[in-house]
Amino acid sequence: MENKTIARTLRLLSQLMELHNENPFKIKSIANAAFKVDKLPYAINTKTMAEIEQIDGLGKSTAAKVWELLQTGTMTELQNILAETPEGIVEMLGIKGIGPKKIVVIWKDLGIENVGELYYACNENRLIEAKGFGLKTQEEIKKVIEFKMAAQGKFLYAQAETLAGSLTTELELWLNTIEPGSLFNIAGEYRRYLEIIEELDFVIGAAEPAAVIARLSSIKDLTFEPQTDHLFTALSPFGLKIQLHIYPKADFYLNLFKLTGNEAHVQEVLKLSGNGPFTGEQEIYAKAGLEFVTPELREGLDEIELAKANQLPTLITYNDLKGSLHNHSTWSDGVHTLEQMAVHCKDALNLEYLGMCDHSKSAFYANGLNEQRIFAQHKEIDALNEKLAPFKIFKGIESDILNDGSLDYSDDVLKTFDFVVASVHSNLRMDEEKATARLIKAVENPYTTILGHPTGRLLLSRKGYPIDYAKVIDACAANNVVIEINANPLRLDLDWRWHRYALEKGVLLSVNPDAHRMEGFRDMHYGVYIGRKGGLQAKQCLNAFTLAEIEHFFNSVKTGL
């Protein structure tokens, strides 16, 4: 075992000891030993136990730990303290800019136990109010985490969106200078609105492909390497793989189609249509005897059967949305005031209503509302509704689902809200049976209106809560509970792969931004994209209801209690 490995192990032990508030003298001793071992001019693994004890800065106690490490590959003390520390907390120790003291605040005060939750908290602006943090520290931590995520070669759709937009503009300009009139489009998983993007595929149809290929080196900031006669790849400065597919013009639409859809979808359609040439993707479907299938639906599910029967859904658009439900203000952990959020929805977004759902009292880390503060917030909402009419603010709450599936307010409090979003925020380690039972009990609560982010997943960071989707959706159908499509790009939960099942059962979905600031409302775009993948229509989306329609819905739910 090399000195650096031994030093890193000792350093980790000292950091964990600090996390658990152990003896400061002992912590300093272990940290000092780590520094000394790292600087030794010889290999410590060549020394005897007695010789290690004589090394300056170690002493008998630390030498015994080093000897145990050399003999067994580990240290009992380290394993014991690791057993008491969440794996995600240990991972945080590798993030530049936050040492053990800050991690203690993150863990103990904010209730955050992994890097994914920490990144989400940065996006919610939750760190800036914590002891020892500020906006600058929060932004630095966010950048480091994004860099670590990028190193995996996977990006959230929202992260890839900016690069895809700028590259599209740049490549179109470049192509027009080389060969005006060439055909160009983005394809692949990005065009299908997948939530995780591993590569960006661009397709070119050129009259002279060889001439275009010869000029690839003139593309700014990208170095393309040939993979085949048609495929050239590069890595963006942010670490996202770029694939450029160059074909003769006559083959453009066939290859755009092939490079866009799921393989099963592509093969099934081409069996019916043949291989062209085609003058557009519409012609491909027409020759196959199918209704045109939009790119986001090309996933090899039931879309071809629906297209044969001319029964594809009329997919929801962003302009169908009439309001925004599930939002947070400065009453809990939001950045902007209730009035600022409402005025932004009314004037900037031209929406008809806002559903305010600050955190409930169990979310102490998010300044959740106790009963007295709920009463005060409702008075402010009443005053604002008079001021902003006909725009309306609905009185909502994001009520925590407790371990046993109950909500964290009494019925007397819950009945004061226009609607209740019930969400899990804690104890995400239950097995599937217990987790499912917990959600179903919450869904069966007569005051639950919407089931919020059902699995609690954080994409690229935290696996979702293990649930039996069908049982939970069936319970929502039986209890007239809406399921949220949490539009935050880190969540996009309910997963689009379960939208069809929910819609077939008659369950309404709601595209909720979970906005903690005015800028967060824009996330509804991502919720709409993912809703479209799931086949969502406006008539099946709660916040596509008009103000009059949603008032009637909320009143009918309360009347049925």
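All figures in this text were calculated on a predicted structure; none of them were measured in a lab.

A. Expanded view of unusual backbone geometry. Residue Gly276 is joined to Pro277 through a cis peptide bond whose omega torsion reads 10°. Relative to the elements of secondary structure, Pro277 occurs in the loop between α14 (263-273) and α15 (281-287). Of note, Asn21 is a non-glycine position whose phi angle comes to about 60°, a positive value. In this structure, Asn21 sits in the loop between α1 (3-19) and α2 (24-38). For Asn21, a relative accessible area of 69% translates into the label exposed.

B. A look at the packing of aromatic side chains. Under the definition given, this model contains 18 aromatic pairs. With a centroid separation of 4.9 Å and an interplanar angle of 5°, the aromatic rings of Tyr469 and Trp498 are classed as stacked. Note that Tyr469 is positioned in helix α21 (residues 469-478) and Trp498 in the loop between β13 (482-486) and α22 (499-504), a separation of 29 residues in sequence. Judged by its relative accessible area of 28%, Trp498 is partly exposed.

C. Summary view of the pattern of salt bridges. Overall, the coordinates contain 27 salt bridges when judged by the stated rule. Between Lys287 and Glu283 there is a salt bridge; the shortest N-O distance is 3.3 Å. Highlighted residues: Lys287 and Glu283, both in helix α15, separated by 4 residues, approximately one helical turn. Of the residues examined, Lys287 reaches a relative accessible area of 46% and is grouped as partly exposed. Taking the relative accessible area as the measure of exposure, Glu283 reaches 21% and is therefore partly exposed. One salt bridge connects Lys505 with Asp474, and the closest N-O pair in it is separated by 3.8 Å. Highlighted residues: Lys505 in the loop between α22 and β14 (509-512) and Asp474 in helix α21, separated in sequence by 31 residues. For Lys505, a relative accessible area of 42% corresponds to the partly exposed category. For Asp474, a relative accessible area of 31% gives the class partly exposed.

D. Here's a closer look at α14. Looking at α14, one finds that the buried residues are His265, Val266, Val269, Leu270 and Ser273. Projected down its long axis, α14 shows its buried positions confined to an angular sector of 120°, all on one face. Along α14, exposed side chains directed more than 90 degrees from the buried face belong to Glu263 and Lys271. Elements that come into contact with the buried residues of α14 comprise α13 (252-260), α15 and α16 (303-308). Between a side-chain oxygen at the N-terminus of α14 and the backbone nitrogen of Ala264 the separation is 2.8 Å; the capping residue is Asn262. Gly274, located one to two residues past α14, shows a positive phi value of around 80°.

E. Summary view of the nonpolar core. If you look at the biggest cluster of nonpolar residues, it comprises 144 residues, and the most contacted ones within it are Met92, Leu118 and Leu200. Per-element tally for this core: the top contributor is helix α10 (residues 157-178), with 10 residues. Those residues in contact with Leu118, other than ones at most four positions away along the chain, are Met92, Ile95, Ile98, Ile106, Ile112, Leu127, Ile141 and Ile145.

F. How the structure looks around the sheet that holds strand β9 (residues 353-356). As summarised here, the arrangement of the 7 strands in space is β8-β9-β10-β11-β12-β13-β14, forming an open sheet in which the pairing is parallel. Because the sheet does not close on itself, it has two edges, and the strands there are β8 (323-327) and β14. Looking at chain direction, strand β10 (residues 392-400) and strand β11 (residues 419-423) are connected through 5 bridges and run parallel. Across the sheet, Asp400 pairs through a bridge with Ser423, a residue of β11. Of the strands in this sheet, β9 and β10 are in contact with helix α18 (residues 371-388), which crosses β10 at around 155°.

G. Broad picture of the sheet that holds strand β5 (residues 225-226). Pairing is mixed in the open sheet, where 5 strands are placed in the order β2-β4-β7-β6-β5. Strands at the two margins of the open sheet, each flanked by one partner only, are β2 (183-187) and β5. One ladder, built from 8 bridges, connects strand β4 (residues 199-206) with strand β7 (residues 241-248); its direction is parallel. Bridging across to β7, Val203 finds its partner in His245. Contacting β2, β4 and β7, α10 crosses the sheet at an angle of about 20° to β4. Across the sheet, α13 touches β2, β4 and β7, and the angle it forms with β2 is around 10°.

H. Structural context of the pairing of β11. In terms of residue burial, β11 counts as a mostly covered element, since 5 of its 5 residues are buried. Along β11, one buried face is formed by Phe419, Val421 and Ser423 and the opposite face, lined by Val420 and Ala422, is buried too. Note that the unit made of β11, helix α20 (residues 432-444) and strand β12 (residues 450-451) has a crossover that is right-handed.

I. Structural view of the packing of α1 against helix α5 (residues 76-83). Axis separation between α1 and α5 bottoms out at 10 Å; the angle between their running directions is 45°. For the element pair α1 / α5, the angle class is oblique. Crossing geometry of α1 relative to α5 is assigned as left-handed. Here Thr9, Leu12, Leu13, Leu16 and Met17 of α1 come into contact with α5, specifically with Glu77, Leu78, Ile81 and Leu82.

J. Up close: α20. Taking 1.5 Å of rise per residue, the 13 residues of α20 would be expected to cover 18 Å, and the 18 Å separating its terminal C-alpha atoms lies within 8% of that figure. When we look at burial in α20, the residues that qualify are Ala435, Thr436, Arg438, Leu439, Ile440, Ala442 and Val443. Here the buried face of α20 lies against β12 and α21. The opening residue of α20 is Asp431, an N-cap whose side-chain oxygen sits 3.2 Å from the backbone nitrogen of Glu433.

Cut-offs applied
- Residues numbered from 1 in each chain as written.
- Predicted model: local features only at pLDDT ≥ 70, side-chain atom pairs only at ≥ 80, totals over all residues.
- Heavy atoms only, no water.
- Helix = DSSP H or I, 4+ residues; strand = E, 2+ residues; numbered from the N terminus.
- Buried < 20%, exposed > 50% of the residue type's maximum accessible area, 1.4 Å probe, protein only.
- Phe/Tyr/Trp six-rings, centres within 6.5 Å; stacked < 30°, edge-to-face > 60°.
- Salt bridge = Lys/Arg side-chain N within 4 Å of Asp/Glu carboxyl O.
- Arc of directions from axis to C-beta.
- Contact = heavy atoms within 4.5 Å.
- Polar contact = N/O pair within 3.5 Å; in protein donor to acceptor, adjacent residues only side chain to side chain.
- Core = buried A, V, L, I, M, F, W, Y, C linked by side-chain atoms within 4.5 Å.
- Pairing = 2+ DSSP bridges.
- Axes fitted to C-alpha atoms, helices over the stretch in contact; angles between N-to-C directions.
- Right-handed = clockwise from strand over helix to strand, strands pointing away.
- Parallel < 35°, antiparallel > 145°, perpendicular 65-115°, else oblique.
- Left-handed = near helix turned anticlockwise from the far one by under 90°.
- Expected span 1.5 Å × (residues − 1).

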